[in-house]
Every structure is written in structure tokens, then in C-alpha cells.
Amino acid sequence: DRLHPMEQVGTWDRPGLRSVRRGWLTTPVLESYAGLLAERAAAEAHRTWVWQNLGLPLGLPPWQGSFPPPSPPSNRPEEAEAPASVQAATWLRKERVLWSEILSDFQALNESSDPSVWARLQARLREADYLTFSFPDPHPRLATDWLVRVLTQVRWISERMGGTPAA
């Protein structure tokens, strides 16, 4: 990797290598990656957090041990008073339904060339954008490689979160 090259120790000049916070190592390239991540995550800071404040600063709050992370205050009193465990259970129940609908849409996409099926699948995938956030090409596209990756992702999360995989 960049910090431990395969060359013989001492034979490769590593300009810019420096230590940050508690002995973590970085380079200008890694710092630029962290800057890009911080910039992109800032737009979703209300639902993005870090496990710990180690390494390069990203400007995100550390996770406080509740899932999902605390929501912004609600104008509806019944939501504001619900305990975090109830909110999490409600959120997960809705997501399981969404994952099931996405899997059904994949099945329909395999069986039909109707453009409305793709439009419906795209809308649901945008709603569950966290499924493709880590993709190099996160926006829905009608290409086999992209569809296979997202289908694998939906099946994976559905199985691990207690849903029933289909399609």
C-alpha cells in the first residue's frame, strides 16, 4: 500500500508522509481523499457520522450508540416523543418493505421491457440511496454490471436485517 511499499525499506523516498492524531499516517493524496469525503458528507451530515474521531478530521459527529442516528426535531409531537428504539424499529420496518419492493421491481424488470418498471425501480433506488453510496457510479443506470451490484447489495442487506430476499 502507499504507506508500506513493496520496495526494500529505505530505498523509496516517501515525500509528504506524516503522522496525524494518535500516530495515524497520511500523505497529501490521502488528505485530499479525506477532504473530498468531508465535502460530500457535509451535505448529508444530518444522517452521516463517524465511529470515532480518529485520523483526519471529517467534520462529522461521532456515533453515539443509537440507531438510526438522532433525527432533527419533528413538528409532530407523536414523533418527537417516540423513544429511539421505537423510531429505529419503525424505520427498519419501512426499509424492509422498500427492499422487498426493490427486489420485486428487479423481478418485474427481468420479465418485462415496460419502461415504467425501470422508472419505478429508479425512484425506489433513489429513496434507498445508501445502498449505492459506496459505488463509484452511485446513480441508477440501466446497465447489467450496475444492476447486478445493486441487486447483490439489496439481497445482502435484506438478509442481514431480517428481510426475506426475493428476485
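Residues numbered from 1 in each chain as written. Predicted model: local features only at pLDDT ≥ 70, side-chain atom pairs only at ≥ 80, totals over all residues. Heavy atoms only, no water.

(A) Broad picture of the nonpolar core. Within the largest apolar cluster, 20 residues are counted, with the highest numbers of intra-cluster contacts made by Ile102, Phe106, Leu121, Leu131, Val150 and Val154. Counting only elements with at least two residues in this core, the list comes to helix H3 (84-111), helix H4 (115-127) and helix H5 (144-160). Considering every element that reaches this core, the biggest residue donor is H3, with 7 residues. With residues up to four places along the chain from it excluded, the contact list for isoleucine 102 reads Leu121, Arg124, Leu125, Ala128, Leu131 and Val154. (Core = buried A, V, L, I, M, F, W, Y, C linked by side-chain atoms within 4.5 Å. Buried < 20%, exposed > 50% of the residue type's maximum accessible area, 1.4 Å probe, protein only. Helix = DSSP H or I, 4+ residues; strand = E, 2+ residues; numbered from the N terminus. Contact = heavy atoms within 4.5 Å.)

(B) The packing of aromatic side chains, seen in detail. If you walk through the whole model with that rule in mind, you get 1 aromatic pair. Taken together, a centroid distance of 6.1 Å and an interplanar angle of 80° make the contact between phenylalanine 135 and tryptophan 146 edge-to-face. With phenylalanine 135 in the loop between H4 and H5 and tryptophan 146 in helix H5, this pair connects stretches of sequence that are 11 residues apart. Given a relative accessible area of 12%, phenylalanine 135 falls into the buried group. (Phe/Tyr/Trp six-rings, centres within 6.5 Å; stacked < 30°, edge-to-face > 60°.)

(C) Geometry of H5. Taking 1.5 Å per residue, 17 residues should reach 24 Å; H5 reaches 24 Å between its end C-alpha atoms and fits that length. Those residues of H5 lying buried are Trp146, Leu147, Val150, Leu151, Val154, Ile157 and Ser158. Summarising the axial view, the buried residues of H5 lie within an arc of 135°, below the 170-degree limit, and thus occupy one face. Taken from the residues just after H5, glycine 162 is the one with a positive phi, measuring 85°. (Expected span 1.5 Å × (residues − 1). Arc of directions from axis to C-beta.)

(D) Inspection of the pattern of salt bridges at higher detail. All told, the structure shown has 8 salt bridges when counted by the stated rule. In this structure, aspartate 137 engages arginine 141 in a salt bridge whose closest nitrogen and oxygen atoms are separated by 2.7 Å. When the shortest N-O distance is used, the salt bridge between arginine 149 and aspartate 137 registers 2.9 Å. With arginine 149 in helix H5 and aspartate 137 in the loop between H4 and H5, the pair connects residues that are 12 residues apart, well separated along the chain. (Salt bridge = Lys/Arg side-chain N within 4 Å of Asp/Glu carboxyl O.)

(E) Here's a closer look at the environment of threonine 132. Counting through the fold element by element, threonine 132 comes out in the loop between H4 and H5. The class for threonine 132 is buried, based on a relative accessible area of 5%. Expressed as a C-alpha distance, the spacing of threonine 132 and valine 154, which sit 22 residues apart in the sequence, is 9.5 Å. If near-sequence neighbours (up to four positions away) are discounted, threonine 132 is found in contact with Pro138, Trp146 and Val150.

(F) Looking closely at a nonpolar patch on the surface. Taken together, the side chains of Val29, Tyr33 and Leu36 make up a nonpolar region of the molecular surface, amounting to roughly 290 Å² of accessible area. Summarising the element assignment, tyrosine 33 is placed in helix H1 (residues 28-42). (Patch = residues over 30% accessible without salt bridge, like charges linked within 9 Å, V, L, I, M, F, W, Y side chains within 5 Å. Areas by Shrake-Rupley, 256 points an atom, 1.4 Å probe, with all protein chains shown as cover.)

(G) Representation of the confidence of the model for the protein chain in the model. For the protein chain, per-residue confidence averages 79 on the pLDDT scale, and 74% of positions sit at 70 or higher. Here helix H2 (residues 77-80) is the element of the protein chain with the lowest mean pLDDT, 54, and H4 is the one with the highest, 94. (pLDDT = per-residue confidence, 0-100.)

(H) Quick peek at the environment of glutamine 52. Structurally, the position occupied by glutamine 52 is in the loop between H1 and H2. Separated by 11 residues in the primary sequence, glutamine 52 and tryptophan 63 place their C-alpha atoms 7.2 Å from one another.

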